[in-house]
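Single-letter residue listing:
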Amino acid sequence: MAKLRADEPVIHDDVSLTEVTFGRYCEIGKGSRIGHSHIGDYSYCDRYADIANAEVGKFANIASFVRIGATDHPMDRASLHHFLYRSADYWDDVEHDAEFFAHRHGRRAVIGHDTWIGHNAQVKPEVTIGHGAIVASGAVVTRDVAPYMIVAGIPAQPIRERFPAAIADRLMALAWWDWSHDALRDALTDFRRMSVEAFLEKYE
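Conventions we followed
Residues numbered from 1 in each chain as written. Predicted model: local features only at pLDDT ≥ 70, side-chain atom pairs only at ≥ 80, totals over all residues. Heavy atoms only, no water. Core = buried A, V, L, I, M, F, W, Y, C linked by side-chain atoms within 4.5 Å. Buried < 20%, exposed > 50% of the residue type's maximum accessible area, 1.4 Å probe, protein only. Helix = DSSP H or I, 4+ residues; strand = E, 2+ residues; numbered from the N terminus. Contact = heavy atoms within 4.5 Å. 1 Å grid on protein atoms, 1.4 Å probe; cavity = no way out; pocket = protein on both sides within 12 Å on 5 of 7 lines; lining within 4 Å. Points joined across faces, edges and corners; volume = space filled by probe spheres on them. Nonpolar A, V, L, I, M, F, W, Y, C, P; charged D, E, K, R; others polar. Pairing = 2+ DSSP bridges.

A. Main features of the nonpolar core. Counting 30 residues, the largest nonpolar core has Ile62, Ile68, Ile117, Ile129 and Val141 as its most contacted members. For this core, the secondary-structure elements that each account for two or more residues are β4 (33–39), β7 (54–56), β10 (109–111) and β16 (149–152). When sequence neighbours within four positions are dropped, the list of residues in contact with Ile129 reads Val110, Ile111, Gly112, Thr115, Ile117, Val123, Val135, Val141 and Val145. Listed in part, the 17 residues of the second largest apolar core include Ala168, Trp177, Leu184 and Ala187.

Here you go:
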């Protein structure tokens, strides 16, 4: 793994970026494509992720071949095809459909802090994945996911809570993802060794 940096993301080979902003200590895996999105502090994606029109929180763990915010086609028109909105690619006397692209960019997917999106999962536009949630490999998420919930399947359904609601609420109130880099280092041994209950007792 590459040594991560606060001042710029680690970008691996063959990555395509379009209007992307990054927080600190981010990493983008080989062959990934990201557009019109923000990637929060410490978040990363593995190889060949495809992320569009998304707000990704801090400490998000995005596995390989994940797709977030997959763009869609105009289903209510006479044709679904690119020529309707990428028109300048086909004719010299017409522009792209700016209104269509503005609508597409506005349909944001939101990925919370400390989330895990498993291999080959999909998160559809306008879906929010709550803090601490886990999306199982291969799942297709079409509805919002509650904080600290584990979902799986097509379409994704709740499997179980990652932690009881009271613990989840305490973690969200603690908001350790907002701690400084030095504070995270100071607490590293406790993150590694303590149960979540003991960690909360010490740091609340």
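From this point, the discussion proceeds with the structure in view.
B. Up close: the layout of surface pockets. Taken as a whole, the largest pocket spans an internal volume of roughly 650 Å³. As for the largest pocket, its lining consists of 26 residues, and the residues nearest its centre are Phe59, Asp114, Trp176, Leu184 and Phe191. Mapped onto the lining of the largest pocket, the elements with two or more residues apiece are α3 (181–186), α4 (188–193) and α5 (196–203). Within the lining of the largest pocket, the residues separate by chemical class into 18 nonpolar, four polar and four charged. Forming the walls of the second largest pocket are 20 residues, and the residues nearest its centre are Arg33, Ala52, Thr71, Arg86 and Arg104. Where the lining of the second largest pocket is concerned, the elements lending two or more residues are β2 (16–22), β4, β6 (50–52) and α1 (98–106). Considering every element that reaches the lining of the second largest pocket, the biggest residue donor is β4, with four residues. Classifying every residue of the lining of the second largest pocket gives six nonpolar, nine polar and five charged.

C. Representation of empty space enclosed by the protein in the model. All told, the structure shown has one cavity of 30 Å³ or more when counted by the stated rule. Of the pockets and cavities examined, the largest cavity occupies roughly 30 Å³. Along the walls of the largest cavity sit Ile28, Ile34, Ile39, Ser43, Tyr44, Cys45, Ile51, Val56 and Ile62, which together make up its complete lining. Among the elements of the structure, β4 and β5 (44–45) are those that each provide at least two residues to the lining of the largest cavity. Residue composition of the lining of the largest cavity, grouped by class: eight nonpolar, one polar and no charged.

D. Layout of the pairing of strand β17 (residues 157–161). Where burial is concerned, little of β17 is hidden: zero out of the five residues are buried. Of the strand pairs in this sheet, β16 and β17 are connected by four bridges, and their pairing is antiparallel. Looking at the pairing, Met149 lines up with Glu161 of β17. Count of turn residues in the β16/β17 antiparallel hairpin: four residues, of which Gly153 carries a positive phi of about 100 degrees.

E. Structural context of unusual backbone geometry. Note that the residue after Ile154, namely Pro155, is joined by a cis bond; omega there is -10 degrees. Relative to the helices and strands, Pro155 is located in the loop between β16 and β17. Residues other than glycine seldom take positive phi values, yet Tyr25 does so here, at roughly 55 degrees. Here Tyr25 is to be found in the loop between β2 and β3 (27–28). Phi is positive for Tyr48, close to 60 degrees, though the residue is something other than glycine. In this fold, Tyr48 is placed in the loop between β5 and β6.

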